[in-house]
Amino acid sequence: MVADMCRAAVKCCPEESLKIFVPHCCSVITQLTINDDVLNEEELDKELLWNLQLLSEITRVDGKKLLPYKEELVKILHRTLHLTCKQGYTLSCNLLHHLLRSTTLIYPTEYCSVPGGFNKPPSEYFPIKDWGKPGDLWNLGIQWHVPSHEEITFAYYLLDSFLQPELIKLQLYANGEVEMSRDDVQQRLTIVHNCLIGSGNLLPPLKGEQITHLVPSMVSLEETKLYTGLDYDFSRENHREAIAKVIRKLLHHILDNSEDDTKSLFLIIKIIGDLLQFQGSHKHEFDSRWKSFNLVKKSMENRLQGKKQHIRALLIDRVMLQHELRTLTVEGCEYKKVHQDMIRDLLRLSTSSYGQVRNKAQQTFFTALGTYTFCCRDIIPLVLEFLQPDRQDVTQQQFKGALYCLLGNHSGVCLANLHDWDCIVQTWPAIVSSGLSKAMSLEKPSIVRLFDDLAEKIHRQYETIGLDFTVPQTCVAIGVLIQQSKYPSANQPLLSPEEIQLGIQRQQEKNAEALQNYENLVHTLLDCVDQRNLPWKFEHIGIGFLSLLLRDDRVLPLRAIKFFVQSLNHDAIVVRKMAISAVAGILKQLKRAHKKLSICPYEISTTPKPSCILAGDRPDNQWMHYDSKNIPRTKTEWESSCFVEKTHWGYYTWPQNMVVYAPIEEQPKLGRSREDMTEAEQIIFDHFSNPKFVEQLINFLSLEDRKGKDKFNPRRFCLFKGVFRNFDDAFLPVLKPHLERLVSDSHESTQRCVAEIIAGLIRGSKHWTFEKVERLWELLCPLLRTALCNITVETYNDWGTCIATSCESRDPRKLHWLFELLLESPLSGEGGSFVDACRLYVLQGGLAQQEWRVPELLHRLLKYLEPKLTQVYKNVRERIGSVLTYIFMIDVSLPNTAPTKSPRVPEFTARILEKLKPLMEVDEEIQNHVMEENGVGEEDERTQGIKLLKTILKWLMASAGRSFSTAVTEQLQLLPLFFKIAPVENDNSYDELKRDAKLCLSLMSQGLLYPQQVPLVLQVLKQTARSSSWHARYTVLTYLQTMVFYNLFTFLNNEEAVKDIRWLVISLLEDEQLEVREMAATTLSGLLQCNFLTMDGPMQIHFEQLCKTKLPKKRKRDPGTVGDTIPSAELVNRHAGVLGIGACILSSPYDVPTWMPQLLMNLSAHLNDPQPIEMTVKKTLSNFRRTHHDNWQEHKQQFTDDQLLVLTDLLVSPCYYA
C-alpha cells in the first residue's frame, strides 16, 4: 500500500519524486547486495525486498522521465535478476517489466480535470471554480506518451542485455548441452515472460509461411492491418520469433525428460499465449478495466447536463480504452506455420498427464482457436486421434483432455459444434465411436459428466447448417452493376465474366459437397449406433445427433427414416422419446402441399365492403358462424361449404388476400395404395400397417413415465396428427380395437394415451373427404362418451387439453359432431359432481378455442346452465363460474366494435338480479345455511337465492382475472348484496359464501370504472352507508379506498363525485360503531395524502367544532346494574372530531404543513378524554413521532417555543419512577 502511495506521488510530480526515490532505492539495494553471498540466500532481508518493491512501483511513470536514471536502474537489474530468492527475483522482473512498458507503450501522461493542470497561482486561476466541469469531447487536449527514439533504443538495450542471455542458456539446456535445476529454468522463464509482456507493443507479430490449403477461396483472405500508433523496426532482430523458437524446443525437452516440472510448464503456457496474442494489452485486464470504467461512469454521470457530459479524466480513460481495443483486435488473423506449431504444442499440453497443466493449456488453446481463421479445420483431426477406438496408447488423461478440447469453454469456440459440414462430419461420429475406446470408462463420473456436457452443449447450440447457398442470377446482375458504378467507385479491378462463371461453378460444387457431407454424416452416425458393443450412453448420444439432422429443405435419408420408425418401439424410453419427435418431424417433411385459392368474403356473404373497419360480428362474417340449421350434413353440402380454419380471420377485418383450401378434387389424392407412395412413405406405411408393431407401440405409449407428473404430450399428438394427415384413414382398422380397449381402461396412462391419439385423429382429418370424416365420427362419438364417463382426477386435465387441441385453428362447422356431443347433457348428474365438473371443463376447452365463431352454441349452453346455477357442489359452481367467463368473453365494448351475437353480460345480469331480489330486499345479515347436497323437493326463494349467489360469486371472481372488460352497470347493482355478506376480518374459518363475497368485492374494487358508472357506484355506496349492519358500512370504506386509488383520474375529473366521496367519508366518521369510525379516519387520511381531498378551512372548522362537543356528566350506577355499552351521541361526535384531526395530521407523514402545529395543540387537549378518545390521541401522537423522527431538527422549526414545550411533554414518555 505504501509503494502504491509512492507511485501515486511519482505520477503527479515525476521529475521531483524520481529525484528523491530512485537514487535512494538504488543506493540501498547496491549496498545490501554488495556481498555475493546475498545472491544465494533463500530468504532476503526485508529492507532489500521493500526497496525492490518500491523501485518497481515508482518506475510505472512516463518513460522519458526515467531515461536520466537508466544506468543506475540497469545496474540494479544486473545485480538482482538472478537472486536465488524467488520473491527477490520476481520483484526484479517486475522492475524490468515496468521499465519496458513505460518506455514502449502509448498512453496518456495526465488525467487532470482541466487541460493544462492546476499549476497556476491562485491569483490567476482558482481551481475550485472548475469542480465537476465536464470535459470538451472535441477538444480534450490529451498529453500522450509516444515512445521516442531514445526510449526505443533503451528498450532494445534492455532486451539485448537481459533477454538474449536467458534465451541462449535455455537453448543450450533444451539441446542437452548443459544441466540446469528446475528453479533456474523457472527463473529464466520468468525473466523471458516479463521481457515479452513488457515489450509486446514493440515486437512485430510472428512471421511465417501461410497455411492456405484449409479453405479454397477466390476472395483474398489476408488479414486487415490495424495501425496502433507505432511502426515496427524490422531492421532489428524480432525477439518474439527468437522466444518462440527457444520456448518450443525447451517445451519438447521438458515433456520428453521431466514432464512433472509443472511450474515450468505453467510459465511456458503463459509465454506461448502471449507470443500468440499479446500486443501490449491482455484481454482479461482490458475487460476488467472496461467494466470498472462503466461503473465509475454510471456513478459519476450528471443526467441534468445530458449525455457525454463527463469529467475530462473519465473521457481520457475512455479514449485510452479505445486505443487498447485496437491493439486487441486480432480476430481473423492469418493462420501461419508458426501458429500451427504453437497451437499443436498447446494441444499436447491440453492432453497432459497433469490436470492443472491441462486446465491452463486448454484456456490458452481455446483463445488461440478463436483467433486464427480456419485453424479449427487443421486441429480437429489431431484432437479426434485421441478418441479413436483402435488406438491402444491413449491414456485416460489424454482422453479427458481431448474431450475438454472438443467441449470448449463458456465463451470460446466449441470444436464439437462448429457451423461447418467438413468439421461436424468428423467430430460427431468420433464422439459416438469413442464409446469403444479402451481409455473410455463409464465408471469415472468425470468422463460421464464430460459426455453429458458435450451432448447437452451440441443440442443447445447447434444451428442447422445450410446445404444450398446458390446466389440468384438477379443478385449476380445487381452485383455487377454495383461494381461498375462510379458512385461509390470500386478500387478493385472489375471481375471478368469468366471469373464470375467460375465462382458460380465453385458454389455449385460446394453445394453438392455439402449435400454429400450431410448424407455421409447421417449414414456414418447410423453405422456408429449399430455397432454391437457400443455402450447404451453413446447409442443415445448418436440418436440425439441424428435427430438434430432433420431439416425442412431435405427429407432424411431412407435408412434413417427406417431407423427412427423402428426406434418407436425401442426398449429405452429415452430413445422412444427422441424417435417420437423425429418421426413427427419426418411426417412434416413428407407432408404434401395442399392447393389454396383466393376468395372474396364479401361475395360469399353478399354484402358490400364497409367504408371503415368495424371489429366484431358483422353481416360479412356471419357466414363463418356455427349455425346448426346450416351445418354440412351431406357430401354435397360439405364440398360446397367454404371452410376457414384460422379463428382470427374476419373478426377485425379480412386479410388483403383471403385464401382458403381448394376443393377436394384439386387436392392431393387420398386413399392411396402402397405403390402410389414414395419410398419414405412406404417405410412408415409398412410399420403402421403391421398389427404387432402398432400393438407394441400402443403398449409402450400406455406406460407410466413419471408418476404424478405426466401430462398430455404434444409430441405424441404431433406424431399421430402427422400419421393421419399423411395417410388419412389407412391405419384406422388396425388402431380401432386398441382405441376401444384404451378408452374403457380408467388408468391414468392409458387414458392419456388415447386422448393423444384422438386429438391427433381429429386434427389429422383436416383434409379428409366427407365420407371418411363421417365414418371417423361414428367411431369417435361412442369412444368420447365412454371416456367422459371414465374420467378421473388424474385425467380430466388431459381430456380438456385433448379437446382444446382438437378444436384449435379448426372451422367449427367441420367439428359439429364433437360440439353436439359435448352439449348433450354436461350436467346430467351421472357419475356425481366430479364428472359434471369435468364435462364442463372439457366443453369449455373446445368452445374457448372457437372464440367468436360459435354464438349459437354459447347461447344454447347459457340457456342450459341458467336453471342449474343453484348447484350446491363447490367444484361444479367453480367450473360453471369459469365457463360463464368464457361464454361472455367476446362481449366487449370498445370503439369501432359491433355488438356481439354471443351472450351479453347486461341481459344475463338483469335476469340474475330478478332472481336475487328475495335476498336484496332483506336488511339483516345473510348467513349461509345451505347443506352440500342437491335437494329433491321444493326449496324456498331465499335458499335458492343463496345457492345462485354462490355461483354468481364464482363467475365474478373468475371474470376479474380473465375477462377483457370490467364490471358492467348491471353487475354493480349486486354490490349492496355483497356488502351485506362480506365479513370485516380476514379469517379462513368463515364459510365459503363470506370468503367469496369479500374476495369478489376486493376484485371488483380494482376494476376500471367508466365515467357513466361513477354516479351509480356512489349511489350504491351511499345507500349501503345507511345500512343497519355495521359490517356493511365498514366494508363500504375498504371498497371506497381501493376503488378511488385505481380510478383516481376518473374521479378527479368529476367534481360532483369528489364532493360525494368527501361527504360519505366525513359522515361515516360520526358512525356509532367504533370500527367504522376508525376505518373512516384511515380512508380520509389516505385521500388527503394523495391530494384527492384537500385540507381546507371548512373541513378544519368542522372537526374543531366536533371536538368541542360537550360530554354528558358521568352518572353513578348501582353496583348491580350492567354498564351501558352504547356510547352517547356526544361522545361519538367528539371522537369523530378527534379522528378527523388525527387523519389530517397523519396525511402528512414526512413534512409539517403550516396548519399542523395548531392541530397538534388542539389534539393534545383531548389526551385526558374518556376512551376511545384517549387511545386515538395517543396512537396519533405515537405515529407522528415515528414518521417525523428522522428529520425532526428540520421539522421543529415550524413550531413556536410554547408549542414545542407542549409537544415535548406529549412525545417523551414519563420516567417509570417519577
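Reading guide: rules and limits
Residue positions are given per chain, counted from 1 along the sequence in the order it is written. Per-residue local features of the predicted model are confined to residues with pLDDT of at least 70, and side-chain atom pairs are confined, for both listing and counting, to 80 or more; whole-chain, interface and lining totals are unaffected and use all residues. Side-chain metrics in this entry use all non-hydrogen atoms of the structure; hydrogen atoms and water are not considered. Counting from the N terminus, the helices are DSSP H or I runs at least four residues long and the strands are E runs at least two residues long. In this setup the radius of gyration rests on C-alpha atoms only. A globule is expected at 2.2 Å times the number of residues raised to 0.38. Burial classes: relative accessible area under 20% of the type maximum marks a residue as buried, over 50% as exposed, and values in between as partly exposed (1.4 Å probe, protein chains only). Contacts are residue-level and defined by heavy atoms, with any inter-residue pair within 4.5 Å sufficient. Accessibility throughout is a Shrake-Rupley quantity obtained with a 1.4 Å probe, and a residue counts as covered only by protein chains that appear here. Residues scored as positive are Lys and Arg, those scored as negative are Asp and Glu, and His as well as the terminal groups of each chain are ignored. A charged residue contributes its charge at one atom only: NZ of Lys, CZ of Arg, CG of Asp or CD of Glu. Classification of ring pairs rests on two measures: the distance between centres of Phe, Tyr or Trp rings, Trp counted by its six-membered ring, which must be within 6.5 Å, and the angle between planes, read as stacked under 30 degrees, edge-to-face over 60 and tilted in between. Throughout, an axis means a line fitted to C-alpha atoms (over the contacting stretch in the case of helices), and angles, computed between N-to-C directions, take values from 0 to 180 degrees. Take the far helix as your reference; a near helix turned counterclockwise from it by less than a right angle gives a left-handed crossing, and one turned clockwise gives a right-handed crossing. Each residue carries a pLDDT value, the predictor's own confidence for that position, ranging from 0 to 100. For this document, the term salt bridge refers to a Lys or Arg side-chain nitrogen within 4 Å of an Asp or Glu carboxyl oxygen. Nonpolar side chains (Val, Leu, Ile, Met, Phe, Trp, Tyr) within 5 Å and like charges within 9 Å form the patches, drawn only from residues with over 30% relative accessible area and no salt bridge. To estimate the expected span of a helix, count its residues, drop one, and scale the result by 1.5 Å. Three categories are distinguished: nonpolar for Ala, Val, Leu, Ile, Met, Phe, Trp, Tyr, Cys and Pro, charged for Asp, Glu, Lys and Arg, and polar for the others, with Gly belonging to the last. The rule for a disulfide is simple: a pair of cysteine sulfur atoms within 2.5 Å. The term polar contact refers here to a pair of N or O atoms within 3.5 Å; inside protein, the definition further demands a hydrogen-donor-capable atom paired with an acceptor-capable atom, and it admits residues adjacent in sequence only when both atoms are side-chain atoms.

Undergrad: Requested: an account of the overall build of the protein, with residues and values cited.
TA: Counting its secondary structure elements, the protein contains 53 helices and 4 strands. A globule of 1218 residues ought to have a C-alpha radius of gyration of about 33 Å, yet the protein, at 43 Å, is considerably larger. Its C-alpha atoms put the protein at 115 × 110 × 70 Å along the principal axes. Expressed as a percentage of its 1218 residues, the buried residues of the protein come to 51%. Within the protein, counting contacts between residues at least 6 apart in sequence, those at least 24 apart form 78% of the total. Summing over all exposed atoms, the protein offers an accessible surface of approximately 60,800 Å²; the carbon and sulfur share of this is 52%. Side chains of the protein give 138 positive and 149 negative charges; the mean places of these two sets differ by 2 Å.

Undergrad: Please give an account of the packing of aromatic side chains that cites residues and values.
TA: According to the stated counting rule, one finds 32 aromatic pairs in the structure shown. On the numbers, 6.2 Å between centres and 80° between planes, the contact of Tyr626 with Phe819 is edge-to-face. With Tyr626 in the loop between helix 24 (601-605) and helix 25 (635-640) and Phe819 in helix 33 (residues 816-822), this residue pair connects regions lying 193 residues apart in the sequence. For Tyr626, a relative accessible area of 2% corresponds to the buried category.

Undergrad: Summarise helix 26 (residues 679-688); cite the residues concerned and give the values.
TA: Two residues of an α-helix separated by three or four positions point the same way, owing to the 3.6 residues in each turn. Helix 26 sits mainly inside the fold: 8 of its 10 residues count as buried. All buried positions along helix 26 are accounted for by Ala680, Glu681, Gln682, Ile683, Ile684, Phe685, His687 and Phe688. Looking at the buried side of helix 26, the elements it contacts are helix 22 (558-567), helix 23 (573-589), helix 27 (691-701), helix 28 (714-727) and helix 29 (732-744).

Undergrad: Explain the packing of helix 44 (residues 1030-1046) against helix 46 (residues 1055-1068) to me, and be specific about the residues and the numbers.
TA: Packed helices, taken two at a time, are described by the angle between their axes plus the distance between the axes. Closest axis-to-axis distance for the helix 44/helix 46 pair is 11 Å, and the angle between their directions is 145°. Between helix 44 and helix 46 lies a crossing whose hand is left-handed. Contacts between helix 44 and helix 46 involve Arg1033, Val1036, Leu1037, Leu1040 and Val1044 on the former and, on the latter, Ile1061, Leu1064, Val1065 and Leu1068.

Undergrad: Which residues make up the confidence of the model for the protein, and what values do they have?
TA: Confidence in the prediction for the protein averages 87 pLDDT; 96% of positions are at 70 or higher. This model gives residues 929-937 a pLDDT under 50, and the stretch forms 21 contacts once residues within four places in sequence are excluded.

Undergrad: Before we move on, can you summarise the environment of Thr943 with the specific residues and values?
TA: With respect to the element layout, Thr943 can be found in helix 39 (residues 941-962). Since its relative accessible area comes to 13%, Thr943 is described here as buried. A sequence separation of 24 residues divides Thr943 from Leu919, and the C-alpha atoms of the two residues are 9.3 Å apart.

Undergrad: Account for unusual backbone geometry, naming residues and giving values.
TA: Note the cis peptide between Gln1171 and Pro1172, where omega equals 5°. Examined against the element boundaries, Pro1172 turns out to sit in the loop between helix 50 (1156-1164) and helix 51 (1173-1188). Positive phi is not limited to glycine here, since Asn1091 has a value of about 65°.

Undergrad: Give me the lowdown on the pattern of salt bridges, citing residues and values where you can.
TA: Scanning the entire structure with this criterion turns up 56 salt bridges. Glu856 is paired through a salt bridge with Arg860; the nearest N and O atoms lie 3.3 Å apart. Here Arg860 and Glu856 lie together in helix 35 (residues 855-865), a separation of 4 residues that amounts to about one turn. Arg860 gets classed as partly exposed once you look at its relative accessible area, which sits at 32%. Each of Arg248, Lys337, Asp341 and Asp345 takes part in salt bridges that share partners, so that together they form one network.

Undergrad: Outline a nonpolar patch on the surface, listing residues and values.
TA: The grouping of Phe126, Ile128 and Trp131 at the surface amounts to a nonpolar patch, some 430 Å² of accessible area in total. As for its position among the elements, Trp131 is in the loop between strand 1 (107-108) and strand 2 (144-145).

Undergrad: Pulling in residues and values, what's your account of helix 42 (residues 992-1005)?
TA: Over its 14 residues, helix 42 runs 20 Å from end to end, which matches the ideal 20 Å to within 8%, given 1.5 Å per residue. Listed as buried for helix 42 are Glu992, Leu993, Lys994, Asp996, Ala997, Cys1000, Leu1001, Met1004 and Ser1005. At its buried positions, helix 42 is contacted by helix 36 (874-887), helix 39, helix 40 (969-972), helix 41 (975-981) and helix 44.

Undergrad: Account for the packing of helix 13 (residues 337-350) against helix 15 (residues 375-384), naming residues and giving values.
TA: Interaxial distance between helix 13 and helix 15 falls to 11 Å at its minimum, and their mutual angle equals 35°. Taken as a pair, helix 13 and helix 15 cross one another with a handedness that is right-handed. Contacts from Gln340, Ile343, Arg344 and Leu347 of helix 13 reach helix 15 at Cys375, Asp378, Ile379, Leu382 and Val383. Grouping the constituent residues of the contact of helix 13 with helix 15 by class yields 6 nonpolar, 1 polar and 2 charged.

Undergrad: Tell me about the state of the cysteines, and name the residues and values.
TA: For the coordinates displayed, the defined rule picks out 0 disulfides. With no disulfide of its own, Cys423 lies 6.7 Å from the sulfur of Cys376, the closest cysteine sulfur. Among the residues examined, Cys423 registers a relative accessible area of 2% and is labelled buried. The structure places no disulfide on Cys528, whose sulfur is separated from the nearest cysteine sulfur, that of Cys423, by 17 Å. The class for Cys528 is buried, based on a relative accessible area of 5%.

Undergrad: Talk me through a negative patch on the surface; I want residue IDs and the actual numbers.
TA: Residues Asp37, Glu41, Asp45 and Glu47 make up a contiguous surface patch of negative charge. Within the secondary structure, Glu47 is located in helix 3 (residues 46-58).

Undergrad: Go over the environment of Lys1108, please, and point to the residues and values.
TA: Among the secondary structure elements, Lys1108 is positioned in the loop between helix 48 (1097-1107) and helix 49 (1129-1146). Here Lys1108 falls in the exposed class, since its relative accessible area comes to 63%. A C-alpha to C-alpha distance of 94 Å links Lys1108 and Ala730, two positions 378 residues apart in sequence.

Undergrad: Residues and numbers for the environment of Leu1146, please.
TA: The residue Leu1146 is located in helix 49 in this model. Sequence separation of Leu1146 and Ser882 is 264 residues, and the distance between their C-alpha atoms is 43 Å. Sequence-distant contacts of Leu1146, defined by excluding residues within four places in its chain, comprise Ser1085, Gln1089, Thr1180, Asn1183 and Phe1184.

Undergrad: Now, about a positive patch on the surface: what can you tell me, with residues and values included?
TA: A contiguous patch of positive charge, built from Lys588, Lys591, Lys596 and Lys646, is present on the exposed surface. Structurally, Lys591 can be placed in the loop between helix 23 and strand 3 (596-598). According to the relative accessible area criterion, Lys591 is partly exposed, its value standing at 41%.

Undergrad: Tell me about the side chain of Ser1005, and name the residues and values.
TA: Residue placement: Ser1005 occurs in helix 42. A polar contact is formed between the side chain of Ser1005 and the backbone oxygen of Ser1002, at a distance of 2.7 Å. Leaving out residues up to four positions away in the same chain, Ser1005 has contacts with Tyr1039, Thr1042, Met1043, Tyr1046 and Asn1047.

Undergrad: Run through the side chain of Arg839, naming residues and quoting values.
TA: Looking at the element boundaries, Arg839 is found in helix 34 (residues 832-850). The contacts of Arg839, once residues within four sequence positions are left out, are Leu788, Cys789, Ser825, Pro826 and Ser828.

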